[in-house]
Structures are given as structure tokens and as C-alpha cells.
Amino acid sequence: AVDPAEEEAKRLEQQRQLESADGKTFAWLAKEIAMDHMKFDPAAIEQVYLKIDHLKQCYDDVERATALINRRETLLGVNKTQFQDLRALQDDLKPLHELWRVAYRFARTIPQWVEGRFDALDAAQVEARVEEWSNELKRLQKTHLVTENPKQQELQKFMADALGHFKRYGPMLRTLRTKGL
């Protein structure tokens, strides 16, 4: 018979080891791109992303409610309410959500690329993700959200530099992962 407490202890230990490995991956990557004076904790990135994602979902629910209100106002022949403050908040939330969504996906994927099985890597997928995230970060770099917030600017720069580091190894990865080898 398996002791449930023992199983839970094993599961928690495996989780701690995985989190430790993710932290080591980020520390190694920070050193590689000469940003080792900064600390980016994958668990903290996930926590912030989940909070921002929840906030975005709440605002999306409010957006649907305002659309319903506007439809009812139209049926009643009343002028539509503009909800300008809500629109301004949503406009500010969008780049924030996009930055942290990229950070979340980055934090979950990088350890797999660095510490995962080499034969499990799909070179085309790695290159596509690196290109997609790099383009997204370049676009977000120009938003006031990043330019006015030093912490988010550091996060954006860390990810952009790390992706640039990976981009250099794309051709080698593609060559080593061809079916002929």
C-alpha cells in the first residue's frame, strides 16, 4: 500500500527540484547575456502573469457587459454610453498583459530548451517562437508601459537579449536536428 503522505512529500520534493532547476536556468542565461546582476524568478513571473491574466478576464467580462448595455440603450432609443474611462484602462492593460504573457511563456519554455532532452527539440518551433517573441518584445519596447517602468524595461531587455542569444544558435540547432542525422 502506498502512503498518501509519502506520495505528497515526493511530489513536493520533485516540484522544489523543478523550481530550483528553473531558477538555475535563468541564472545561467542571465550570466550568458551579461545580465547576471538581475534576478528573474520564473515563479514570480508566473504569479504576476496569472494576476494580470485574471484582471484582463475581468475587464473582458466588463467589456461584454458594456456591449450588452449599449445594445439595450439602442433598443430603448437612448444615447449610447461611451465608457471612456473603461476604454482607457483596457488600452493600458493590453500591452501589460502582452508583456507578461510573453514573459510567462518564455519562463515556461526556456528551461525545456536548455535542460530538456535535445532529441525532443523541434528546431523549427524553437526558431518560430524566438522570432515571434522577439517581434512582440520589439513592439512592446516602444510602448509607454515599458519606457516608463524600469522593472518592466529590465524584464523586456532580459528576454530580448536572451532570445537574441538563442537566435544565434538557430542554424546549428536546425542542422543538428535534421532527420538525416
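Everything numeric here is computed off the predicted structure, so don't read it as measured data.

**Some points on unusual backbone geometry**
1) Next: We note that Phe83 has phi near 55°; this positive angle belongs to a residue other than glycine.
2) Next: With respect to the helices, strands and loops of the structure, Phe83 is situated in the loop between helix 2 (42-76) and helix 3 (84-115).
3) Next: Given a relative accessible area of 22%, Phe83 falls into the partly exposed group.

**A word on the environment of Phe83**
1) Next: Separated by 20 residues in the primary sequence, Phe83 and Glu63 place their C-alpha atoms 9.5 Å from one another.
2) Next: Residues contacting Phe83, with those up to four places away along its chain left out, are Thr66, Ile69 and Asn70.

**Regarding a nonpolar patch on the surface**
1) Next: Together, Phe118, Tyr169, Met172 and Leu176 line one region of the surface with nonpolar side chains, adding up to about 390 Å² of accessible area.
2) Next: Looking at the element boundaries, Leu176 is found in helix 7 (residues 170-176).
3) Next: A relative accessible area of 44% places Leu176 in the partly exposed class.

**A word on the nonpolar core**
In summary, soluble globular proteins display a tendency toward joint burial of nonpolar side chains.
1) Next: The biggest cluster of nonpolar side chains holds 30 residues, and the ones touching the most others in it are Leu99, Trp100, Phe106, Trp113 and Met159.
2) Next: Elements represented by at least two residues in this core include exactly helix 2, helix 3, helix 4 (123-141), helix 5 (144-147) and helix 6 (150-168).
3) Next: If you tally residues by element for this core, the top one is helix 3, at 11 residues.
4) Next: With sequence-adjacent residues up to four places away left out, Trp100 is seen in contact with Ile45, Val48, Tyr49, Ile52, Gln152 and Leu155.

**Description of the packing of helix 2 against helix 3**
1) Next: For the pair helix 2 and helix 3, the least separation of the axes is 8 Å and the interaxial angle reads 145°. Crossing of helix 2 over helix 3 shows left-handed handedness.

**Regarding the confidence of the model for the protein chain**
1) Next: Taken as a whole, the protein chain shows an average pLDDT of 80; of its residues, 81% reach a score of 70 or greater.
2) Next: Highest mean pLDDT in the protein chain belongs to helix 4 (91); lowest belongs to helix 1 (residues 4-32) (59).

**Description of helix 4**
Three or four residues apart is the spacing at which side chains of an α-helix point the same way, because the helix has 3.6 residues per turn.
1) Next: A rise of 1.5 Å per residue sets the reference length of helix 4, with its 19 residues, at 27 Å; its end C-alpha atoms lie 27 Å apart and thus fit the reference within 8%.
2) Next: Among the residues making up helix 4, those that are buried are Ala123, Val126, Val130, Trp133, Ser134, Glu136, Leu137 and Leu140. Along the axis of helix 4, the buried positions cluster into a sector of 165°, meaning they face one direction only.
3) Next: If you follow the buried residues of helix 4, they end up packed against helix 3, helix 5, helix 6 and helix 7.
4) Next: Sitting at the amino-terminal end of helix 4 is Asp122, which places a side-chain oxygen 3.2 Å from the backbone nitrogen of Ala124.

**Quick word on the pattern of salt bridges**
1) Next: As enumerated under the stated definition, the model contains 10 salt bridges in all.
2) Next: Taking the shortest distance from any N to any O, the salt bridge between Glu131 and Lys167 comes out at 3.2 Å. Of the two residues, Glu131 is situated in helix 4 and Lys167 in helix 6; the sequence distance between them amounts to 36 residues.
3) Next: By relative accessible area, Glu131 is classed as partly exposed at 37%.
4) Next: Judged by relative accessible area, Lys167 falls into the partly exposed class, the value being 39%.
5) Next: Among the charged side chains, a salt-bridge network with shared partners connects Glu98, Glu136 and Arg139.

What counts as what
Going along each chain's sequence as written, the residues are numbered from 1 onward. Given that this is a predicted model, residues contribute local features only at a pLDDT of at least 70 and side-chain atom pairs are listed and counted only at 80 or more, while totals for whole chains, interfaces and linings are drawn from all residues. For the side-chain quantities, the full set of heavy atoms in the structure was used; hydrogens and water were omitted. Note on conventions: DSSP H or I runs of at least 4 residues are helices, E runs of at least 2 residues are strands, and numbering of each starts at the N terminus. Remark: exposure states derive from per-residue accessible area (1.4 Å probe, protein chains only) relative to the maximum for the residue type, with buried under 20%, exposed over 50%, and partly exposed in between. Whether two residues are in contact is decided by their heavy atoms: any pair within 4.5 Å suffices. Surface patches are drawn from residues lacking salt bridges whose relative accessible area is over 30%; two like charges belong together within 9 Å, two nonpolar side chains (Val, Leu, Ile, Met, Phe, Trp, Tyr) within 5 Å. What sets the accessible areas is the Shrake-Rupley method with a 1.4 Å probe; for residues, cover comes only from the shown protein chains. Definition used for salt bridges: Asp or Glu carboxyl oxygen within 4 Å of a side-chain nitrogen of Lys or Arg. In this text, buried Ala, Val, Leu, Ile, Met, Phe, Trp, Tyr and Cys residues form a nonpolar core when linked through side-chain atoms within 4.5 Å. Simply put, an axis is a line fit to the C-alpha atoms, just over the touching stretch for a helix, and the angle between two N-to-C directions goes from 0 to 180 degrees. The hand of a helix crossing depends on one turn: near helix anticlockwise from the far one by less than a right angle means left-handed, and clockwise means right-handed. The pLDDT value expresses, per residue, how confident the predictor is, ranging between 0 and 100. A helix is expected to span 1.5 Å multiplied by its residue count minus one. To obtain the arc, one takes the directions from the helix axis to the C-beta atoms. Between N or O atoms, a polar contact is any pair within 3.5 Å; within protein, one atom must be a potential hydrogen donor and the other a potential acceptor, and residues adjacent in sequence are included only when both atoms are from side chains.

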